[in-house]
Amino acid sequence: MAIVDGGASRTVSLTDNLILNGTLSYDVDYPSLSSTLLTYSWSCLMISPVYGGDCGLGNGPLVEDVLEIEAALLVPSAVYNYTLTVQNAGTTAVASASASITTVSQPLPVLTVPSTTAIKYNAANKIVLDAFVELNNASSASTVTWSSSDLASLGDISLTPTTSILGNSLGTSRKVTIQLALMANSLTADSTYTFTINAYFNNNPTNIAVSSIVVVVNEAPRNGLLTVTPAEGIALNTSFKFATSGWVDAVEDLPLSYLMYYYPIPTATPSTIRSFSIMTYASGALLGQGLSSLAYSVTCGVTAQDIYGSSADALSAAVVNPLVNPIETISANLDNQLESAFSETDLSLVSQVISSATTALNAVDCSNMPSSIGSCGDLGRELCMNTPNTCGPCTEGNVGITGDSNVPCVDTATSRRQRSRVLATIGRVGDACSLNSGCITNYCESGACVEVSKECPDDCFASDSSGSCVFYDRFNNEISTCNSGDSYCTARCSCNSGFYGKDCSLTLSDITSVVAARESMCAGIYKTLILQDPTSDFILSTVNSISSLLLDTSQLSMVALSNCTAVLESILTGNPEIVASDALVETTFSVLSSVWSAVTIPSNNSYGITSIVVQHQQQVELMARVSTLTSELSIARQNLLAVGETGTGVIASNMRIFTAKQLLSAFESDDMVTKPQFSAPGTGYEDFNNVAQSVVTFASEYQIDEVDYPMGVTIVQHMLDIHSGGGGTESINSSSVQLQLKYHDATIESTSQI
């Protein structure tokens with residue numbers, strides 16, 4: 001693969017020598033050995049003003065991997081076509097790439113467009129194009145613009161500004177990173193696009209530096225089918241077989257590989273049956289139970305992926321009935337099933353056992369929903385899944401009380417004009433009303449929309465004298481009220497003697513069994529990590545498994561928490577780009593939040609942690625690990641964001657995170673009002689009620705030298721008290737809002753935290 005760094009078309013100034021770099025070229029069969037296998041040859045043809053004129057190469061082709069031509073050997077207002085030919089020294093295989101160079105005599109910003117090593121891009125992914133602009137005119141600001149004649153409106157699909165004005169307050173030359181980030185699914189598969197970047201000094205706008213990038217969009221596999229047999233079985237018991245066939249893709253994109261999975265509802269996290277493999281079937285698969293509201297039907301799926309990463313799915317269905325006595329059965333068989341799977345080195349089976357057992361332990365009773373509820377769908381909410389007899393969060397496009405609830409959500413999944421009209425008829429908290437349905441809280445009292453109280457799961461089985469619902473502030477003090485719109489208070493069950501769990505539904509025997517089971521499964525995940533190569537699909541499955549295991553932290557021991565946290569530490573250290581990807585970043589932040597909750601919320605309903613005196617130092621150490629992982633995950637996420645792209649916001653159970661990346665020059669101004677402002681994200685319910693979020697802005701004293709490097713900014717807002725380090729006196733950090741800064745400098749590693 002021949003590659004000329006800088007793009008296929010460039011406009012350059014003859015105030016500098018012309019440099020053409022071919023070092024990114026590689027042998028597709030032996031990419032790691034390319035530097036020793038390849039030979040290089042450069043040739044050129046002048047296109048104008050004299051066709052076939054002198055190109056400055058002297059007597060013939062040159063054989064260096066980097067070609068530098070003195071500016072004096074070229075003429076202005078000319079067009080040259082330089083060609084690089086590379087060959088494997090041991091074979092006859094050759095490849096060529098060309099660059100069209102237009103010359104001007106006036107000074108220009110110097111554009112460098114690193115040639116991508118991707119042969120094809122995937123339409124389903126965000127696409128980021130990189131460019132560097134060297135500003136060598138100390139007397140003028142510059143304008144840089146991205147464009148594409150192949151698109152009706154580039155701005156409609158761009159996640160970053162298409163035009164940037166680069167100031168010159170420093171009065172010196174510098175190099176600036178300019179990126180174009182395109183939304184996922186914004187380009188058409190099996191198509192080619194040319195993106196052009198222009199740059200000029202504002203005091204000389206008629207002389208423009210130009211470079212371009214060609215993007216080829218891959219076509220995904222298609223026409224596949226999936227069959228699952230038998231059609232019905234029992235969780236953790238019946239062996240199912242997945243088989244796929246019929247897939248079609250371009251010959252050059254083959255071979256295909258297949259990932260097999262299942263889920264109870266589309267918004268749930270998929271459980272992996274088998275990681276990507278060229279095998280078209282998976283036998284002996286153990287599945288977790290479905291939801292009772294869906295007659296225990298689960299969706300089974302296969303993802304077919306070609307060599308460039310483009311993929312498509314085929315779906316089928318199966319009925320997976322629950323175990324009759326899940327806690328008793330899992331307690332009796334789990335360790336043996338895990339041991340058997342490990343002895344056969346069947347790590348897919350280990351994952352299946354853990355996923356199925358976790359699903360069974362997490363299952364809740366949804367058979368006694370309030371009679372006033374027709375269905376969760378009628379309320380604009382997900383199905384009952386995680387909280388007994390309670391619908392899930394608002395479905396996409398709907399706004400309402402955050403989290404699981406039986407309060408209706410407001411449908412906003414309409415056009416912007418219709419949405420404004422709909423929302424105008426719904427009262428915010430404090431607005432005048434006459435009917436409950438006229439309020440976002442579905443509660444109108446004395447002519448005004450009022451907040452409703454947060455609720456405990458199934459009211460802590462108070463009718464059975466199992467426990468009572470108690471409200472706590474962020475410092476874990478009991479309080480008399482806790483409204484649904486208050487992010488700084490919680491409603492938690494206080495269980496009576498002999499009852500345990502987040503809803504006080506478990507006996508001592510039950511909680512002992514489930515704590516032991518979750519501890520075994522965390523240990524199993526940790527052991528699997530040691531034996532398994534950390535592929536992207538394995539990491540996805542592992543993080544999702546940990547998320548499911550931590551769904552009820554009252555059932556976790558400190559050993560389980562430590563082991564599951566250790567897994568996150570390992571995969572984040574070794575594969576940060578996967579853990580911080582769109583598919584996992586929200587889940588991973590939520591897992592870290594769950595660990596934080598488990599060691600900071602004292603409660604009498606947790607046999608695994610707080611009903612046993614846990615050494616304070618263990619809690620402090622685990623909280624410190626979580627704090628470090630939160631910072632590392634933020635930095636990893638920044639590395640995947642384009643400069644100037646809208647940042648990533650995550651709302652977890654007890655902390656909110658926002659992370660973004662800006663050029664350091666954005667913070668040059670002495671006026672704090674004009675500097676970028678950052679805040680943790682708000683929920684849709686808070687945004688509807690105009691709840692203001694804490695805003696942070698700051699001045700940076702970091703000196704910009706010759707390169708205007710990006711700076712990462714992370715805001716972490718804690719909803720619970722974090723001063724006491726889990727109930728003691730040692731402080732982890734000093735504020736409920738943290739500001740973390742990361743200078744993405746190629747030579748300086750600098751991270752600060754405020």
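Each remark here, short or long, concerns the structure printed above.
Computed from a predicted structure; not experimentally measured.

Engineer: I'm lost on the overall build of the protein chain in this one. Help?
Structural biologist: Each helix and strand counted, the protein chain has 11 helices and 37 strands in total. Sorting the 754 residues of the protein chain into buried and exposed places 48% on the buried side. Here the contacts in the protein chain between residues at least 6 apart in sequence split such that 63% fall between residues at least 24 apart. Total accessible area on the protein chain stands at roughly 33000 Å², and carbon and sulfur atoms take up 51% of it.

Engineer: Sorry if this is basic, but what is going on with unusual backbone geometry here?
Structural biologist: Most peptide bonds are trans, and most residues other than glycine sit at a negative phi. Residue P49 is bonded to the preceding S48 through a cis peptide linkage, with omega at 10°. Its place among the elements puts P49 in the loop between β3 (38-48) and β4 (66-69). Here the bond from T229 into P230 is cis, since omega is -5°, no more than 30 degrees from zero. By the element assignment, P230 lies in the loop between β15 (225-229) and β16 (232-234). If you check the backbone angles, T345 has positive phi at about 50° while not being a glycine.

Engineer: Any chance you could explain the pattern of salt bridges here in plain terms?
Structural biologist: Side chains bearing opposite charge may pair, as long as their charged atoms lie close to each other. Under the criterion given, the structure shown has seven salt bridges. Note that D253 and K120 form a salt bridge whose closest N and O atoms lie 2.9 Å from each other. Placement of D253 in the loop between β17 (240-245) and β18 (257-263) and of K120 in the loop between β7 (110-112) and β8 (121-122) is noted, with a sequence separation of 133 residues between them. Assigned by exposure class, D253 and K120 land together as buried. Between R625 and E569 there is a salt bridge; the shortest N-O distance is 3.0 Å.

Engineer: Honestly, the state of the cysteines in this entry has me stumped. Any pointers?
Structural biologist: On inspection of all chains with the given rule, the structure shows 11 disulfides. Disulfide pairing is shown between C44 and C55; the S-S distance is 2.2 Å. Here the disulfide of C44 and C55 is left-handed, its torsion about the S-S bond being about -75°. Of this pair, C44 sits in strand β3 while C55 is found in the loop between β3 and β4, placing the two residues 11 residues apart along the sequence. The partly exposed category is assigned to C44, whose relative accessible area is 23%. On the basis of relative accessibility, which here comes to 6%, the residue C55 falls in the buried class. Residue C366 pairs covalently with C384 via a disulfide, S to S 1.9 Å. Taking the torsion about the sulfur-sulfur bond, which here is approximately -75°, the covalent link between C366 and C384 counts as left-handed. Of this pair, C366 sits in the loop between α3 (347-362) and β23 (398-399) while C384 sits in the loop between α3 and β23, and the two are 18 residues apart along the sequence.

Engineer: Help me out: how do you make sense of the environment of F678 in this one?
Structural biologist: In this fold, F678 is placed in strand β32 (residues 678-679). In the structure, F678 is positioned 35 residues away from V713 in sequence and 8.2 Å away in space, judged by C-alpha atoms. Contact partners of F678, with chain neighbours within four places excluded, come to F658, A660, Q662, F667, S694, V695, V696, F698, V713 and I715.

Engineer: Help me understand the sheet that holds β17 in this model?
Structural biologist: Spatial strand order, β15-β17-β20: three strands in an open sheet with antiparallel pairing. In this open sheet, the two edge strands, each paired with only one partner strand, are β15 and β20 (281-285). Taking the axes of each pair of neighbouring strands and ignoring which way they run, one obtains an average angle of 10° across the sheet. One ladder, built from three bridges, connects β17 with β20; its direction is antiparallel. Bridge assignment links F240 to a residue of β20, and that residue is A285.

Cut-offs applied
- Residues numbered from 1 in each chain as written.
- Predicted model: local features only at pLDDT ≥ 70, side-chain atom pairs only at ≥ 80, totals over all residues.
- Heavy atoms only, no water.
- Helix = DSSP H or I, 4+ residues; strand = E, 2+ residues; numbered from the N terminus.
- Buried < 20%, exposed > 50% of the residue type's maximum accessible area, 1.4 Å probe, protein only.
- Contact = heavy atoms within 4.5 Å.
- Areas by Shrake-Rupley, 256 points an atom, 1.4 Å probe, with all protein chains shown as cover.
- Salt bridge = Lys/Arg side-chain N within 4 Å of Asp/Glu carboxyl O.
- Disulfide = S-S within 2.5 Å.
- Pairing = 2+ DSSP bridges.
- Axes fitted to C-alpha atoms, helices over the stretch in contact; angles between N-to-C directions.

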